[in-house]
Amino acid sequence: MLHRSASREGAHVLIDTYGRVATDLRVSLTDRCNLRCTYCMPEEGLQWLAKPDLLTDDEIVRLIGIAVTSLGIEEVRFTGGEPLLRPGLAGIVERVAALEPRPQMSLTTNGIGLRRTAPALKAAGLDRVNVSLDTLRPDVFKTLTRRDRHKDVLEGLEAAREAGLTPVKVNSVLMPELNDDEAPDLLAWAVEHDYELRFIEQMPLDAQHGWKREGMVTAGDILASLRTRFELTAEGSEERGSAPAERWLVDGGPHRVGVIASVTRPFCSACDRTRLTADGQVRTCLFAREETDLRAALRSDAPDEEIARIWRLAMWGKKAGAGLDDPAFVQPDRPMSAIGG
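Conventions we followed
Residues numbered from 1 in each chain as written. Predicted model: local features only at pLDDT ≥ 70, side-chain atom pairs only at ≥ 80, totals over all residues. Heavy atoms only, no water. Helix = DSSP H or I, 4+ residues; strand = E, 2+ residues; numbered from the N terminus. Contact = heavy atoms within 4.5 Å. Areas by Shrake-Rupley, 256 points an atom, 1.4 Å probe, with all protein chains shown as cover. Salt bridge = Lys/Arg side-chain N within 4 Å of Asp/Glu carboxyl O. Buried < 20%, exposed > 50% of the residue type's maximum accessible area, 1.4 Å probe, protein only. Axes fitted to C-alpha atoms, helices over the stretch in contact; angles between N-to-C directions. Parallel < 35°, antiparallel > 145°, perpendicular 65-115°, else oblique. Nonpolar A, V, L, I, M, F, W, Y, C, P; charged D, E, K, R; others polar. Left-handed = near helix turned anticlockwise from the far one by under 90°. Phe/Tyr/Trp six-rings, centres within 6.5 Å; stacked < 30°, edge-to-face > 60°. Core = buried A, V, L, I, M, F, W, Y, C linked by side-chain atoms within 4.5 Å. UniProt positions renumbered as here; feature names shortened; annotations may be inferred. 1 Å grid on protein atoms, 1.4 Å probe; cavity = no way out; pocket = protein on both sides within 12 Å on 5 of 7 lines; lining within 4 Å. Points joined across faces, edges and corners; volume = space filled by probe spheres on them. Pairing = 2+ DSSP bridges.

This next bit is on the overall build of the chain. In terms of regular secondary structure, the chain is built from 11 helices and 14 strands. Taking the contacts inside the chain whose residues are at least 6 apart along the sequence as the reference set, 74% of them involve residues at least 24 apart. Carbon and sulfur atoms make up 50% of the accessible area of the chain, which amounts to about 14,900 Å² in all.

This next bit is on the pattern of salt bridges. Per the counting criterion, the structure on display carries 21 salt bridges. A salt bridge links R62 to D304; its shortest N-O distance comes to 2.7 Å. One end of the pair, R62, is in helix α1 (residues 57–70); the other, D304, is in helix α10 (residues 304–316), with 242 residues separating them in the sequence. Residue class for D304 comes out buried when judged on its relative accessible area of 2%. Across the salt bridge formed by R309 and E306, the nearest N and O atoms sit 2.8 Å from each other. Pair noted here: R309 and E306 are both in helix α10, with a separation of three residues, about one helical turn. Judged by its relative accessible area of 40%, R309 falls in the partly exposed class. Assessed through its relative accessible area of 28%, E306 is described here as partly exposed. Beyond isolated ion pairs, a larger network of salt bridges with shared partners links E196, E235, R247 and R256.

Turning our attention to the packing of α1 against α10. The geometry of α1 relative to α10 is characterised by a closest axis approach of 10 Å and an angle of 70° between their N-to-C directions. Classified by the angle their axes make, α1 and α10 are roughly perpendicular. When α1 is examined against α10, the residues R62, L63, I66 and A67 are found in contact with a partner set consisting of D304, I307, A308 and W311. When grouped by side-chain class, the residues that make up the contact of α1 with α10 number six nonpolar, no polar and two charged.

Our focus in this paragraph is the packing of α1 against helix α2 (residues 89–97). Taken N-terminus to C-terminus, the directions of α1 and α2 make an angle of 30°; their axes are 10 Å apart at the nearest point. Between α1 and α2, the angle falls in the class roughly parallel. As α1 runs across α2, the sense of the crossing is right-handed. Only I92, R95 and V96 of α2 make contact with α1, whose side of the interface consists of D57, D58, I60, V61 and I64. Considering only residue class, the contact of α1 with α2 consists of five nonpolar, no polar and three charged.

Let us now look at the packing of aromatic side chains. For the structure on display, the rule yields one aromatic pair. Taking the centre distance of 5.3 Å and the plane angle of 55° together, the rings of W189 and Y195 count as tilted. Each member of the pair, W189 together with Y195, is buried.

Right, let's talk about the nonpolar core for a bit. Core analysis: the largest hydrophobic core is formed by 92 residues, its most contacted members being I64, F78 and W311. Here this core takes seven residues from α1, the largest share from any one element. Setting aside its immediate chain neighbours within four residues, I64 contacts L25, V27, V76, F78, V96 and L99.

Moving on: the UniProt feature "binding site: [4Fe-4S] cluster 1" (unreviewed entry) in the chain. Summarizing the sequence annotation, UniProt attributes the feature "binding site: [4Fe-4S] cluster 1" (unreviewed entry) to C33, C37 and C40 in the numbering used throughout. The topology assignment puts C37 in the loop between β3 (24–28) and α1. When residues no more than four places from it in sequence are discounted, the contact partners of C37 are L144, T145 and R146. Summarising the element assignment, C40 is placed in the loop between β3 and α1.

On to empty space enclosed by the protein. All told, the structure shown has one cavity of 30 Å³ or more when counted by the stated rule. Empty space within the largest cavity amounts to approximately 40 Å³. Together, L14, D16, R20, V21, A22, C271, D272, R273, M315 and K318 line the largest cavity.

This brings us to the sheet that holds strand β10 (residues 246–250). One open sheet accounts for 12 strands, arranged β9-β10-β11-β8-β7-β6-β5-β4-β3-β12-β13-β14; its pairing is mixed. Strands at the two margins of the open sheet, each flanked by one partner only, are β9 (232–234) and β14 (292–293). As paired strands, strand β5 (residues 104–109) and strand β6 (residues 128–132) are joined by four bridges and run parallel to one another. Directly across from T108, in β6, lies its bridge partner N130. Contacts from helix α6 (residues 183–193) reach β7 (169–172), β8 (196–200), β10 and β11 (256–260) within the one sheet, and its direction differs from that of β8 by about 155°.

Put into C-alpha cells, the structure is as follows:
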C-alpha cells in the first residue's frame, strides 16, 4: 500500500540536469528467459538472480505507485528477461491499473506464453504488447534463439490481437548472414496481419560481449532494403516526439514501420525513460554503468517520500548520452536480460 499520494498538479517529476523529464517507466519483472537469443545471452544461460534478491509483487506495485503518484510517470512498460514467466504478472497489472492517475501499461515479450495469457492480461488492464520476432523462417528462428518455438510466437501474436492488446507491435533485430535479407518480407507480413513492425539495431548488451559495430545491420541498411519493395514516407519529428522509433508510412499508409537506430542515430536528447531492474535498482539508461538501490530503502521501511527523493536524485545525475559513439565506450556489466529492454 502507498504511504501517501500526491495530485498530478503537485507532483514532483524525474528531471535531469539537461532538462529531460522521465514520464516512461520500464520495469523488469525477472531476469529469466525461455529463449537463448544469440545477441542477448550464451546458450547455457546466465547465473540468475536469487529469489530473495528479486522484488516481491508488493514491492513492485509500491515502487510503481510512487513513480505514478509522486514522480509524474504516465506510462509503465513491463519487461524482463521474459515477463510472462513472472507468476504474479496479471495481479501486478491489475493493481497498477487501479492507481490514480492510471498509467498506460504495455508489455515487451517474446510471445511464447501469450496464447495462454493474453485474455487474462487484457482483463487485468494491460493496454498493449510488443512482441520480439526476428524472422519468418522457423529454421532461422531456431538458430537465433536456440529454441524451436517459432509457431508459439506466431500463435501468441494472433492471441494478443484477438484479445485487443493493440496496436500489437513487433520488434525485429537483423543479424548479418542470418536474417539480414528479411526486412521486406517481415514488413509485408506485418502489414498483412495488421501488426506495427519496428526494426531495432543490434545493441552492445549481450552477455558474451561479442557485439561489434563493424558489420552490424544499420538503420540505413534496413531502409535501403525496405525501399526495394515499398514506398516509405517519413512521419516527421513532430509525430515522433520522444519515441525511440523513427516511423515511415508504408505505401502512403495507414500502416507504418519504425526503425530504432540506437547506435547510428541515437535519440538520447529526447529520452523520457527511467528503468527499474528486477532486483530493485534504478537505471537511468540501458547503457549506464551505475545503478541506484531502491530495494534497500524499501526493506528498511523507508517512507515513500524518501524513496521518491532517492529516485529523483538518481535521475538528476543522468548523463547526456549513452556514449556509443565514444571510442572509449565500455559495455555495461549486466546484459539485456537483467536490465530490461
